[in-house]
Amino acid sequence: MATPTRPAPSPAALLIYPATLLLGSLFSVISPVARATRDSSLRLPKSAAPLAPSLAADLHLSENPVNYFARKNNIFNIYFVKIGWLWTTVAFVSLLLFQPAYRASSSLSQAQQQTRVRRALQAFLRYAIATTIWYLMTQWFFGPAIIDRSFLVTGGKCEEVMERAGKMDLGGSPSTQVETLFSAAACKAAGGAWRGGHDISGHVFMLVLATALLAHEAVGAGAFSAFSASNRADGDSARERKASDPVVSGPMNEEPDSGLARKWSLRLVWGVVGLGWWMLFMTAIWFHTWLEKVSCS
Ligand SMILES: CCCCCCCCCCCCCCCC(=O)SCCNC(=O)CCNC(=O)[C@H](O)C(C)(C)COP(=O)(O)OP(=O)(O)OC[C@H]1O[C@@H](n2cnc3c(N)ncnc32)[C@H](O)[C@@H]1OP(=O)(O)O
């Protein structure tokens, strides 16, 4: 009998990202509110972000008469996207800890345990690669992050602060001074305006990467659980399995109390993916130009 294979997520599912950006951009063109908001935000100088935003300030909705999600200080932006990789990490770790696909247990045969450990290591490697890419693109690349460097290369600069730069005593070596001035975060923190270049959307980049990673792992782990449950129902649990078989060396002897944790870890992951998609859609409507959004997805 042919060994059934675990369904892999279809690459076609990735089309949801260009479709979301397209839909959001269309909405931003068609909606008069979105158009007015974008135009005025492009005209106004960007103010420095508060260093310690309070919850009350976040909920101060009457500040601008625009859609709540068009505000940079909306609660989902501050406590979800701005620390988005932390949420991604927590959700991912919950999968590793609680999904039978990755969990080794003493009730399993040695071959089954080895398969699960191998699968968990492969998943961690995928996470580590994604984390490294996110870090280099948005946080640090031997100085300013790749997104910041591409902004500078395309003619952007830290306006207002550049004029004061000559007078500023930033300390450290000349290269440290350049790094301090030439990152978006440092520029904004110094009260400057990050303008002029091609500003790739960090939000779009991180949200696409994080949701694709988590959805890919959750589909795989969920399908594994469903497959092993149907195997149990078929009375197939006694079948001897090969360690090399990634599918059928599954959780035949899953502990009963792990069911709740398994369910909630999947809920957490899909919650993060769902909110991530929503924030991507909001970014597509309210922020950046069309080119800035597509260039990072
Ligand atoms: C031997 C083995 C080795 C293995 C080696 C690997 C190691 C493997 C294990 C490591 C273990 C690490 C473990 C954990 C790692 C953490 O947990 S890290 C800690 C948590 N930190 C984070 O998650 C940070 C995540 N945030 C970010 O990366 C950046 O904030 C983002 C999301 C990329 C966004 O960047 P950004 O500067 O906001 O840029 P951008 O998107 O262009 O937005 C421009 C403006 O538009 C606004 N905007 C855009 N879209 C929106 C929107 N939808 N709504 C509101 N405002 C918006 C922005 O707020 C921004 O406004 P300002 O703040 O500038 O005024």
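These numbers come from a predicted model, not from an experiment.

Criteria and cut-off values
Residues numbered from 1 in each chain as written. Predicted model: local features only at pLDDT ≥ 70, side-chain atom pairs only at ≥ 80, totals over all residues. Heavy atoms only, no water. Helix = DSSP H or I, 4+ residues; strand = E, 2+ residues; numbered from the N terminus. Buried < 20%, exposed > 50% of the residue type's maximum accessible area, 1.4 Å probe, protein only. Contact = heavy atoms within 4.5 Å. Areas by Shrake-Rupley, 256 points an atom, 1.4 Å probe, with all protein chains shown as cover. Near = heavy atom within 4 Å. Polar contact = N/O pair within 3.5 Å; in protein donor to acceptor, adjacent residues only side chain to side chain. 1 Å grid on protein atoms, 1.4 Å probe; cavity = no way out; pocket = protein on both sides within 12 Å on 5 of 7 lines; lining within 4 Å. Points joined across faces, edges and corners; volume = space filled by probe spheres on them. Nonpolar A, V, L, I, M, F, W, Y, C, P; charged D, E, K, R; others polar. Core = buried A, V, L, I, M, F, W, Y, C linked by side-chain atoms within 4.5 Å. Axes fitted to C-alpha atoms, helices over the stretch in contact; angles between N-to-C directions. Parallel < 35°, antiparallel > 145°, perpendicular 65-115°, else oblique. Phe/Tyr/Trp six-rings, centres within 6.5 Å; stacked < 30°, edge-to-face > 60°. Expected span 1.5 Å × (residues − 1). Arc of directions from axis to C-beta. Disulfide = S-S within 2.5 Å.

**Q** Help me understand the overall build of the protein chain, please; the structure alone is not making it clear to me.
**A** A tally of helices and strands in the protein chain yields 13 helices and two strands. The buried share of the protein chain, taken over its 297 residues, is 38%. Nonlocal contacts in the protein chain, meaning residues at least 24 apart in sequence, comprise 74% of its contacts between residues at least 6 apart. Just so you have it, the protein chain exposes about 16,100 Å², and 67% of that area is on carbon and sulfur atoms.

**Q** What is the right way to look at the site of the ligand in this model?
**A** Surrounding the ligand, one finds 26 residues, the nearest of these being Lys 82, Trp 85, Lys 188, His 203 and Thr 283. At 3.3 Å from an oxygen atom of the ligand is found a main-chain nitrogen or oxygen belonging to Leu 86. Here the ligand loses 68% of its free accessible area of 1,300 Å² to cover by the protein chains.

**Q** Looking at this model, I keep getting lost on the layout of surface pockets. Mind explaining?
**A** Empty space left among the atoms is revealed by rolling a probe the size of a water molecule over them. Computed from the structure, the second largest pocket encloses a volume of approximately 360 Å³. Taken together, 18 residues form the lining of the second largest pocket, with Leu 14, Tyr 17, Ala 212, Ala 215 and His 216 sitting closest to its centre. Elements that contribute at least two residues to the lining of the second largest pocket include exactly α1 (16-30), α11 (202-233) and α12 (258-286). A total of seven residues in the lining of the second largest pocket trace back to one element, the largest contributor, which is α11. Looking at side-chain class alone, the lining of the second largest pocket contains 15 nonpolar, three polar and no charged residues.

**Q** Would you mind showing me how to read the nonpolar core here?
**A** By size, the foremost hydrophobic cluster in this structure holds 46 residues, and its most contacted members are Trp 85, Tyr 102, Leu 214, Val 269, Leu 280 and Trp 286. Elements represented by at least two residues in this core include exactly α1, α4 (75-81), α5 (84-98), α6 (110-138), α11 and α12. It is α11 that contributes the most residues to this core, 13 residues altogether. Ignoring any residue separated from it by four or fewer positions in sequence, one finds Tyr 102 in contact with Leu 95, Leu 96, Arg 116, Arg 119, Ala 120, Ala 123, Arg 126, Glu 217 and Ala 221.

**Q** Would you explain the packing of α5 against α6 in this entry?
**A** Helix-helix packing is characterised by the crossing angle of the two axes and by the distance between the axes. Packing of α5 against α6 brings their axes to within 11 Å, and their N-to-C directions diverge by 175°. With respect to α6, the axis of α5 lies roughly antiparallel. In contact with Trp 85, Thr 89, Phe 92 and Leu 96 of α5, α6 contributes Ala 120, Ala 123, Phe 124, Tyr 127, Ala 130, Thr 131 and Trp 134. Grouping the constituent residues of the contact of α5 with α6 by class yields nine nonpolar, two polar and no charged.

**Q** What is the right way to look at the packing of aromatic side chains in this model?
**A** Geometry of an aromatic ring pair is reported as the spacing of the ring centres plus the angle between the planes. Scanning the entire structure with this criterion turns up 15 aromatic pairs. Judged by centre distance (6.1 Å) and plane angle (65°), the ring pair of Trp 134 and Tyr 135 falls under edge-to-face. For the pair Phe 141 and Phe 142, a centre-to-centre distance of 5.1 Å together with 75° between the ring planes defines the contact as edge-to-face. Among the residues examined, Phe 141 registers a relative accessible area of 29% and is labelled partly exposed. Ring-pair connections join several aromatic residues into one group, and the members of that group are Tyr 68, Phe 69, Phe 76, Trp 277, Trp 278 and Phe 281.

**Q** Sorry, what's going on with α1 here?
**A** Because an α-helix packs 3.6 residues into every turn, residues spaced three or four apart end up facing the same way. Across its 15 residues, α1 extends 21 Å between first and last C-alpha, which sits within 8% of the 21 Å expected from 1.5 Å per residue. Tyr 17, Thr 20, Leu 21, Gly 24, Ser 25 and Ser 28 are the residues of α1 that are buried. Seen end-on, α1 carries its buried residues on one side only, within an arc spanning 125°. Seen from the buried face of α1, the exposed residues on the opposite side, beyond 90 degrees, are Val 29 and Ile 30.

**Q** What exactly am I supposed to notice about the state of the cysteines here?
**A** As used in these notes, a disulfide is a covalent bond between sulfur atoms, one from each of two cysteines. Going through the model one piece at a time under the given rule, you end up with one disulfide. Each sulfur of the disulfide joining Cys 158 and Cys 187 lies 2.1 Å from the other. Torsion about the S-S bond of the Cys 158 and Cys 187 cystine: about 95°, corresponding to right-handed handedness. Residue Cys 158 is found in strand β1 (residues 157-159), and its partner Cys 187 is found in helix α10 (residues 184-189); the two are separated by 29 residues along the sequence. Across this residue pair, the class does not change: Cys 158 and Cys 187 are buried.

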